[in-house]
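# A structural walkthrough
Below are the chains, spelled out letter by letter.
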Amino acid sequence: MIAVYILLALLGLVVLVTISEVIVLIKQKPAQELPDDKDFDYYSVSVNGKKFEEVYLYLSDDKDAPEFSEEEIYNMLLKQSEYMARRFDCSDFRAQLLFKIYKDCYDKLSERCREIIKKTFLDFKYFMDEPGDDSMCYWSENHQILFATAEYLAGQEWQDEIFTNNGMTGNEHMLKAKERIDAWMNQRFNYGFSEYLSNNYLAENIAPMANLIAYCKDETMVSQMKIIMDILWLDVALNSVNNRLVATSSRMYGNNKAGNFYGNSICAAMDVLWGNDGAEQILGNPYLSEKEKSQIKDTLAKAPNHVVICFTDIVKKGIYVLPEAIRDIALSNETFAVKMGCGLSPDDMVKEGLVGQKPFQIMAQMGAETFTNPQVVNNTLEYLKTNKMFRNSFLGYFRFLTLTIFKPVNWEKFGAKYNIMPHGIATGRGNVYTYRTAHYSMSTSVCKDVDMCGAQDHEWTANIGETLTLFTTHPAGNGEGSYGSSPGYWIGNGRRPMSVQNESVNITIYKLPTKKRLGEAHIADMTHAYMPKSFYDEFEINENTVFARKNGVFVALIADGKLEFKPYNEDSINAIYKNKTLTDDYKVKGEFDLCRFGGEYHAYVTELSDADKESFDEFKERIRNNKIIFGNGKVSYNTYFGKISTSYDGEFKVNGADMQKEFDRYDCKFCKAPRKPDSLFVDSGKHTLSLDLKNVKRQTT
């Protein structure tokens, strides 16, 4: 009996200690991530209706810039500096133009403006290993280069000054940042972008890359960064069409998915590189309506924001010149397919020796948003403990894993046994297949992480018009809300599908979950397609089949069960728009959310065509005559190129032959290269481009 009492006492002690530790951890509130609602307007990037980027234009004597008074300039710069001083998330975005203004407009700044900028950079925190609690995101791929470039250039500018946050000199900060910049460039050259083809996050890459190219005094670093810039724009050129970039991606939000006009954050950068040159060609498309032409002109007229202007400025000044081979590809009217291997899976990281505590290792891991996956979870915990990151609002939940009661737990084995929801935050390795014609593109991350939860992944997309795309998702949540959440109704997936593509045909199969995973509050018994009827010129639906036409592009969507539209929901569509000040021409009217409910598997077959190949009536008749077989998580479809078949369990065949599921770094008519290439060679048919990062060679013909 005494033994029982002892055991109960020990259990009581464990419970008491655990409760005490939990209370202490709960009281450790996370550091503030963003300004309070009441202060949000104060910290905005505008003053009296004038924008942050317009300060730079005014000081640079741009004839189209609005007038600024001395006080307005000071107040604008003060707000950006105070935002950074408070260490709110995305401070590193604002740092780019703030530094550019200091460098390019120094002689036109008052002494107090110069001093607040200098003080801001000397007091700032530049990486996770520096002291101070905050909720800035340092680790994702774009933030890595934003912070590292800001640190390097600030260190270069004030080499002998003491930076107050960690007591380092500017010169010491330069050396520290250079290690991370070099690692970032090497990883992009070897493995591509983890945030691949993100028309949101590429904008946050090109700004710091541009600043380094413009202001770094190390000629080798500048030349290498130009090589990585070329690779970024090669990816964009290969996977965009008619100056529209909406492709499959590891990180996309609702507006990014919905169309070029709504969410392509680099459209102004594309315009300055090739968009305006190609406008005549695009607007000459005989199938475009006058409305579509007007919308294209509206996109071309968009001015760069305070991030993108860092890039567009160095293009206009000739500091960065896009190689002609890339421009040729971007403007090509040819029909071609592209295969690309992008990013790193957790298994890749293990194989490549990229799991560890060194800066290049933690950058590879966290740059791919890989935290809880069994291959890295112990490494994550060690790094967060060492660098006291538990008050960061993005990472705070990890602090509960440090409870005494959890000390015996092997988190690696736990993560391997339980496929928990946070595993899906990892961007993973994307094997991208894109098919592009003169009128549309379709792209897919082939067979990517099937059945995993998905935070911001965009598995496949059809890029149809300036304001029109087609895609499907399995909502994260219960299918009745969370429209703008990440993951949520439109963003990411509750469960990732099996998605494959050959030429202009995509097949996507979802398996609807029956049980919630750890970290999930709800699961949805539906999937849906984004199909705004009012944006199509013709639209017809019959049970499980949709035929639609936009200008000269034709769409067929066939499901394995009944499709039905949800009633118009303003909250739902606002999550797609993001911008609430759209004119009526850009607003969806009527039904747009095409749903399939219930069952175990949901399968969708999508085929595109265009008026250069056949009429819309001929297209519909051909599709109706195509043989299609839906099985239990299986699809077989016969069309113009033969038979394509796939299953949720992993089969993917075309005409009976097994198809690739993992791709080289590049595999297309313009460029072929393995993963971790020694060099890249691009041949557009008119011009060539040779890139060698290690030997710092960038040659064009």
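Details of the structure are given in the entry above.
Here is a short report on the structure shown in this document. Predicted model only: the values in this text are computed from it and were never measured. (Residues numbered from 1 in each chain as written. Predicted model: local features only at pLDDT ≥ 70, side-chain atom pairs only at ≥ 80, totals over all residues. Heavy atoms only, no water.)

We now examine the sheet that holds strand β18 (residues 628-630). Sheet architecture is open: 5 strands sit in the order β18-β19-β20-β21-β22, paired in antiparallel fashion. Across the chains shown, the open sheet's two edge strands, defined by having one partner strand only, are β18 and β22 (657-658). Pairing between strand β21 (residues 652-654) and β22: 2 bridges, direction antiparallel. For K653, the partnering residue across the bridge sits in β22 and is D658. (Pairing = 2+ DSSP bridges. Helix = DSSP H or I, 4+ residues; strand = E, 2+ residues; numbered from the N terminus.)

What characterises a pair of aromatic rings is the spacing of the ring centres plus the angle enclosed by the ring planes. Summed over the entire model, instances satisfying the criterion amount to 47 aromatic pairs. On the basis of an interplanar angle of 70° and a centroid distance of 5.9 Å, the ring pair of Y43 and Y83 is categorised as edge-to-face. Here Y43, found in the loop between α1 (2-27) and β1 (46-47), pairs with Y83, found in helix α3 (residues 70-85); they are 40 residues apart in sequence, far enough to count as distant. Assessed through its relative accessible area of 8%, Y43 is described here as buried. On the basis of an interplanar angle of 85° and a centroid distance of 5.2 Å, the ring pair of Y489 and W490 is categorised as edge-to-face. Taken individually, Y489 and W490 each receive the classification buried, so the pair is uniform in this respect. Stacked on the ring of Y42, the Lys or Arg K79 has its end atom at 6.0 Å from the ring centre. Across the ring face of F193, the terminal group of R188 is positioned such that the distance to the ring centre comes to 6.0 Å. (Phe/Tyr/Trp six-rings, centres within 6.5 Å; stacked < 30°, edge-to-face > 60°. Buried < 20%, exposed > 50% of the residue type's maximum accessible area, 1.4 Å probe, protein only. Lys NZ or Arg CZ within 6 Å of the ring centre and 35° of its normal.)

With that settled, consider the environment of P374. Within the secondary structure, P374 is located in the loop between α17 (359-367) and α18 (377-386). On the accessibility criterion, P374 (17% relative accessible area) is buried. C-alpha of P374 to C-alpha of F592: the two residues are 218 residues apart in sequence and 39 Å apart in space. With near-sequence residues (within four places) excluded, P374 lies in contact with E412, G415, A416 and H423. (Contact = heavy atoms within 4.5 Å.)

On to helix α15 (residues 324-331). Among the 8 residues of α15, 6 are classified as buried, and the element is accordingly described as predominantly covered. All of the buried residues in α15 are A325, I326, R327, D328, I329 and A330. Against α9 (219-239), α12 (267-283), β3 (336-343), β4 (429-436), β25 (680-683) and β26 (688-692) lie the buried residues of α15.

So, about the side chain of N431. If you trace the backbone, N431 turns up in strand β4. Residue N431 is classed as buried on the basis of its relative accessible area, which comes to 5%. Only 2.8 Å separates the side chain of N431 from the backbone nitrogen of F663, close enough to count as a polar contact. (Polar contact = N/O pair within 3.5 Å; in protein donor to acceptor, adjacent residues only side chain to side chain.)

Reading across from one edge, β8-β11-β16-β15 is the order of the 4 strands in this open sheet, with antiparallel pairing throughout. The open sheet is flanked by β8 (472-473) and β15 (564-565), the only strands paired with a single partner. Pairing of strand β11 (residues 526-530) with strand β16 (residues 593-597), which is carried by 5 bridges, proceeds in the antiparallel orientation. What sits directly across from A529, in β16, is L594.

Moving on, we get to the pattern of salt bridges. Inspection of every chain in the model, using the stated rule, returns 47 salt bridges. Close ionic contact of K676 with E352 constitutes a salt bridge, the shortest N to O distance being 3.0 Å. Here E352 lies in the loop between α16 (346-351) and α17 and K676 lies in the loop between β24 (672-673) and β25, a separation of 324 residues in the sequence. The class for K676 is partly exposed, based on a relative accessible area of 42%. What you see here is one network of salt bridges that share partners, running through D129, E130, E151, K176 and R180. (Salt bridge = Lys/Arg side-chain N within 4 Å of Asp/Glu carboxyl O.)

A separate point is the packing of α9 against α15. The interhelical angle for the contact between α9 and α15, taken along N-to-C directions, is 20°, at an axis separation of 8 Å. Classified by the interaxial angle, the pair formed by α9 and α15 is roughly parallel. Relative to α15, the crossing made by α9 is left-handed. Contact with α9, carried on its side by D230, W233, L234, A237 and L238, involves I326, I329 and A330 of α15 and no other residues of that element. The residue makeup of the contact of α9 with α15, split by class, is 7 nonpolar, no polar and 1 charged. (Axes fitted to C-alpha atoms, helices over the stretch in contact; angles between N-to-C directions. Parallel < 35°, antiparallel > 145°, perpendicular 65-115°, else oblique. Left-handed = near helix turned anticlockwise from the far one by under 90°. Nonpolar A, V, L, I, M, F, W, Y, C, P; charged D, E, K, R; others polar.)

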